[in-house]
Amino acid sequence: MGDQIQFIVEKLNQEPFRKNYNLITFDSLESMQLLQLLNDVLGEIDPKHAVDIREELPEQTAKRMLSLLGILKYKPPGSISDLSAFRQGLVTGSKHVIHPVLHWLLQRTNELKKRAYLARFLVKLEVPAEFLQDDTVADINKQYEELMEAFKNLHKECEQLKTSGLSTAEIRRDIGAMEEEKDQLIKRVERLKKRVETVQNHQRMLEIARQLRLEKEREDSLAQQKQEQKNQLFHAEQRLQRAQLQLKEMHHAVVDSKPESLMKKLEEEINFNSYLVNEKIPRELESKKNSAYFLQKVVAEPAMSQSDLNVLEIKINEVNAQINQLIEKRMMKYEPIDSKFSMYRQQASIISRKKEAKAEELQAAKEEMASAERQMLQKTSQAHELEGSEVLKGDEFKQYVNKLRSKNTFYKKKRLEIAEITAEYGILQRTEELLKQRHEAIQQQLEAIEDKKGISGYSYTQEELERVSAVKSEMDEMKGRTLDNMSEMVKKLNTMVAEKKASLAPVIKELRQLRQKCQELTQECDEKKIQYDSCAAGLESNRSALEQEVKGLLEECVQEESNYRYINCMKRNLEILLQRAKEEMKAYVSPDPQERRKAIREQYTRMILEQENLGKKLREKQKVVRESHGPNMKQIKMWQDFEQLMECKRECFLKQQNQMAIGQVIQEGGKDRLVL
């Protein structure tokens with residue numbers, strides 16, 4: 001309860017209440033002040049309840065608060081079992097009633113605000129049945145229900161948009177970015193138009209580019225239609241194969257069976273299906289309905305706290321204990337006749353469970369068989385697609401093995417050919433690289449020629465025109481083209497295509513003659529290419545040998561260079577050491593005592609003398625310690641004995657004081673008894 005009050009005080013001191021309470025001031029509030037505080041919290045949740053309770057009757061206040069709490073789906077805690085007692089406590093402003101309500105409201109303020117807002121539009125007005133007999137009232141009520149459903153849908157869409165992560169600021173930024181891109185595209189189109197206007201026949205070129213784009217779009221749509229028709233044909237073939245397989249199975253079943261066996265199978269299937277329809281499926285359906293009903297009931301309930309869950313667990317345990325007690329009483333009161341019936345009941349339940357288990361096994365087996373049949377159909381369809389056949393047996397299998405052997409030898413031959421082709425592919429790849437380099441050089445020459453002629457950027461302009469045409473097509477699609485315009489456009493295209501065909505007829509005749517010449521030239525080119533390839537292969541082999549030789553020489557050069565650098569570094573180190581030795585000899589031979597002190601030999605001699613003096617001092621100290629070790633150890637032993645003696649005296653003193661105190665208490669007790 002203290003944690004609950006502390007939580008209420010913390011929430012009331014925050015926005016938007018700002019009451020500045022503490023635990024003492026809140027606990028000292030009177031009943032009217034508590035009611036006003038509860039009304040303020042309800043007014044924050046629903047603004048209609050922001051009123052002064054002194055201006056209305058207590059019954060009206062209680063009725064208004066109870067109606068809002070009912071809409072908010074508040075349930076009184078377990079200690080308040082009687083609703084009339086809860087209503088009476090709400091009217092009188094009882095702390096035991098108002099404190100839990102405040103705690104519940106302040107825990108979920110935002111959720112309750114949303115619920116109160118929706119209650120304004122979704123709490124249905126109950127119209128009496130006699131008024132609904134009037135057509136006007138019935139129509140208005142129907143419109144009211146339709147508007148309520150429309151509000152529900154709109155609210156769901158609004159919540160989905162809120163949770164989808166798309167904010168207005170992001171949408172505005174996207175719109176701004178799209179407008180900037182649009183302005184840039186417009187400026188770019190204007191620049192390209194200015195460039196294109198200087199080119200001859202630019203209108204004709206634009207028209208040709210537009211026609212090309214339309215034809216490409218038409219080609220894409222036709223390819224898509226072709227793919228769809230292929231998919232439909234594939235599915236139809238699968239259905240046909242499935243039906244043929246079923247027909248084949250039915251033929252086999254009819255040939256190998258008799259009317260009695262067919263009737264028996266049909267009776268078994270009918271019995272099994274009737275069991276499923278009459279017993280199993282209704283029972284499962286009923287269990288599903290019950291579980292759905294309980295789940296809906298749980299969803300309709302308000303959010304439960306941990307205390308509510310604990311109360312429910314306690315109730316469940318109590319009910320389970322009562323059930324167990326009743327079962328034990330019933331078992332104790334069994335009579336012999338009832339025991340016989342119970343035996344039969346047990347047998348019947350065991351049989352029914354076995355029956356259900358077998359039915360489930362049969363159902364699972366049927367599903368497995370159906371999946372196996374589907375897999376078999378898929379495999380057969382794949383085998384037919386790969387031009388396969390059925391499983392071979394006997395002589396057919398031997399013939400198949402012989403074919404495989406012949407194919408293996410053929411495969412080895414082809415593998416050798418592939419190796420030769422790969423070698424030739426390497427040569428062709430090299431020629432491709434050379435041709436690409438030549439292409440780049442020619443492209444640069446073309447750009448230089450365009451600059452000289454004053455038409456620089458012609459190829460780039462053509463690419464930009466295609467891009468602009470693509471952008472324009474997207475804009476046209478956004479505006480939307482009607483079917484009539486498309487039909488007129490198709491007619492124009494057909495006429496233009498016919499005109500182009502008529503104009504291209506003499507060109508095609510010339511093209512045929514040129515094709516013949518081209519074939520002759522290609523044969524000559526192939527012969528020259530073979531000669532070139534043989535020569536290039538020889539040069540390539542010589543080049544690879546030279547590259548290997550150069551590579552070996554480079555490695556030797558690198559090794560010699562590293563040896564040279566190592567020797568050079570060793571030489572420098574030796575020079576430095578020689579220089580230091582010369583400086584040391586100069587300082588040692590020098591008559592100046594200051595220079596002698598700088599010498600390393602003098603420094604080391606001084607350090608040796610210092611260490612020898614330090615060793616002498618330490619040896620003398622060690623001698624003194626050895627001489628005084630025996631007396632010092634005796635003194636330590638004497639001090640330890642003295643410490644133990646003093647500790648014994650202290651313990652004896654404490655025991656004596658405790659005995660004296662106990663004697664005084666006994667003497668005082670004896671005196672009190674004498675006085676009594």
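Everything numeric here is computed off the predicted structure, so don't read it as measured data.

### Overview of the overall build of the protein chain
Argument step 1. Summing up its helical and strand segments, the protein chain has 19 helices and zero strands in all.
Argument step 2. Taking all 676 residues of the protein chain together, 12% fall into the buried category.
Argument step 3. Partitioning the intrachain contacts of the protein chain with sequence separation of at least 6 by distance along the chain shows that 61% fall at a separation of at least 24.
Argument step 4. If you sum the accessible surface of the protein chain, you get close to 57,700 Å²; carbon and sulfur atoms cover 57% of it.

### Considerations on the pattern of salt bridges
Argument step 1. Scanning all chains against the criterion turns up 13 salt bridges.
Argument step 2. In this structure, Lys113 engages Glu44 in a salt bridge whose closest nitrogen and oxygen atoms are separated by 3.2 Å. With Lys113 in helix H7 (residues 109–122) and Glu44 in helix H3 (residues 31–45), the pair connects residues that are 69 residues apart, well separated along the chain.
Argument step 3. With its nearest N and O atoms 2.6 Å apart, the salt bridge here joins Glu647 to Arg650. Of this pair, Glu647 and Arg650 are both found in helix H19 (residues 600–675), three residues apart, which corresponds to roughly one turn of the helix.
Argument step 4. Via salt bridges that share partners, Glu540, Arg543 and Glu547 belong to a single interconnected network.

### Overview of the side chain of His103
Argument step 1. Relative to the helices and strands, His103 resides in helix H6 (residues 95–107).
Argument step 2. Each residue touching His103, except ones within four places of it in the same chain, is listed here: Gln4, Phe7 and Ile8.

### A word on helix H4 (residues 58–71)
Argument step 1. The end-to-end C-alpha separation of H4 is 20 Å, in line with the 20 Å expected for 14 residues at 1.5 Å each.
Argument step 2. Buried residues of H4: Thr61, Ala62, Arg64, Met65, Leu68 and Leu69, and no others. Taken down its axis, H4 places every buried residue within 165 degrees of arc, on the same side. In H4, the exposed positions that point more than 90 degrees away from the buried face belong to Glu59 and Lys63.
Argument step 3. Phi turns positive one or two residues past the end of H4, at Lys73, with a value near 65 degrees.

### Comments concerning the environment of Tyr117
Argument step 1. When you line up the elements, Tyr117 lands in helix H7.
Argument step 2. Residues Tyr117 and Ile45, 72 residues apart in the sequence, show an inter-C-alpha distance of 8.6 Å.

### Quick word on unusual backbone geometry
Argument step 1. At Lys73, a position not held by glycine, the phi torsion is positive, near 65 degrees.
Argument step 2. Tracing the chain through its elements places Lys73 in the loop between H4 and helix H5 (83–92).
Argument step 3. On the basis of relative accessible area, Lys73 is assigned to the partly exposed category, the value being 39%.

Parameters and conventions
- Residues numbered from 1 in each chain as written.
- Predicted model: local features only at pLDDT ≥ 70, side-chain atom pairs only at ≥ 80, totals over all residues.
- Heavy atoms only, no water.
- Helix = DSSP H or I, 4+ residues; strand = E, 2+ residues; numbered from the N terminus.
- Buried < 20%, exposed > 50% of the residue type's maximum accessible area, 1.4 Å probe, protein only.
- Contact = heavy atoms within 4.5 Å.
- Areas by Shrake-Rupley, 256 points an atom, 1.4 Å probe, with all protein chains shown as cover.
- Salt bridge = Lys/Arg side-chain N within 4 Å of Asp/Glu carboxyl O.
- Expected span 1.5 Å × (residues − 1).
- Arc of directions from axis to C-beta.

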